[in-house]
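Observations on chain architecture
Chain by chain, the residues run as shown.
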Amino acid sequence: MIGSYVIISVLSLVVGCVMLFAPSAWLSIMVVLLGVAAIANGGFNLLSLYKIVADPAFRKVVIVRGIVSIAVGLAAILLPLTVAGIVWYTMVYMLAGYLIVAVIMELYAVYRLQKFNVSARPYYGEIIGSVILAIVLFILPGQIGLTLIRVLGALLAVSGIGIFIWQWKFRQ
């Protein structure tokens, strides 16, 4: 049991260091792995699910889903950073847009609360935080992603070291 924790700690440390010092390489690896999974899923859909039901509508859906899955997987394998960048920027801008809409809705909620003499003080921090985060996401969408990968890598590396020290200190 102790050996497995040592393996997990070393693996966490290695993966965390790769994420911390080479976030673009880590991102490429993860996108390629997801691409392989998408191709496998598409192949499974075409080879296995297709045979389950003889319904033509079901089969069309399964064929389309399988082909799209294989195409996305191939794109992820052939162009990992491009695919990751497109997905990342789309997600970041959608999140920033959501935050702006949420702020507008929150301002309206605060207005309504004040109209009924209910304290809206707890909402002010959320509004300010959402505006700041939306601005940061609109201005620095790419840097946020690499920074996030580095922070998660540092946390993973530190937890790997912690697990190793814990196992070393309390070994039996």
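This text goes with the structure placed above it.
Residues numbered from 1 in each chain as written. Predicted model: local features only at pLDDT ≥ 70, side-chain atom pairs only at ≥ 80, totals over all residues. Heavy atoms only, no water.

Focus on helix H3 (residues 56-78)
Over its 23 residues, H3 runs 33 Å from end to end, which matches the ideal 33 Å to within 8%, given 1.5 Å per residue. Looking at H3, one finds that the buried residues are Val-62, Gly-66, Ser-69, Gly-73 and Ala-76. The inward-facing, buried residues of H3 contact helix H2 (23-47) and helix H4 (80-115). (Helix = DSSP H or I, 4+ residues; strand = E, 2+ residues; numbered from the N terminus. Expected span 1.5 Å × (residues − 1). Buried < 20%, exposed > 50% of the residue type's maximum accessible area, 1.4 Å probe, protein only. Contact = heavy atoms within 4.5 Å.)

Section: a nonpolar patch on the surface
On the surface, Val-10, Leu-13, Val-14, Val-18, Ile-161, Phe-164, Ile-165 and Trp-168 cluster together into a nonpolar patch covering about 690 Å² of accessible area. Of all the elements in the fold, those that place two or more residues in the nonpolar patch are helix H1 (2-21) and helix H6 (141-169). Considering the arrangement of structural elements, one finds Val-10 in helix H1. (Patch = residues over 30% accessible without salt bridge, like charges linked within 9 Å, V, L, I, M, F, W, Y side chains within 5 Å. Areas by Shrake-Rupley, 256 points an atom, 1.4 Å probe, with all protein chains shown as cover. Salt bridge = Lys/Arg side-chain N within 4 Å of Asp/Glu carboxyl O.)

Some thoughts on the packing of H2 against H4
The contact between H2 and H4 brings their axes to 9 Å, and the two run at 90°. Here H2 is positioned roughly perpendicular relative to H4, judged by the angle of their axes. Contacts between H2 and H4 involve Ser-24, Leu-27, Ser-28, Val-31 and Val-32 from the first element and Pro-80, Leu-81 and Ala-84 from the second. (Axes fitted to C-alpha atoms, helices over the stretch in contact; angles between N-to-C directions. Parallel < 35°, antiparallel > 145°, perpendicular 65-115°, else oblique.)

What about unusual backbone geometry?
Excluding glycine, residues mostly have negative phi values, and the peptide bonds linking residues are mostly trans. Backbone geometry at Asn-117 places phi at a positive 60°, although glycine is not the residue there. Looking at the secondary structure, you find Asn-117 in the loop between H4 and helix H5 (121-139). Look at Asn-117 and you get exposed, because its relative accessible area is 75%.

Quick look at the nonpolar core
With 5 residues, the main nonpolar core is built from Val-92, Ala-96, Leu-99, Ala-134 and Leu-137. Residue assignment for this core shows that the elements contributing at least two residues are H4 and H5. A total of 3 residues in this core trace back to one element, the largest contributor, which is H4. Apart from residues lying up to four places away in sequence, Ala-134 is in contact with Ala-96, Leu-99 and Ile-100. (Core = buried A, V, L, I, M, F, W, Y, C linked by side-chain atoms within 4.5 Å.)

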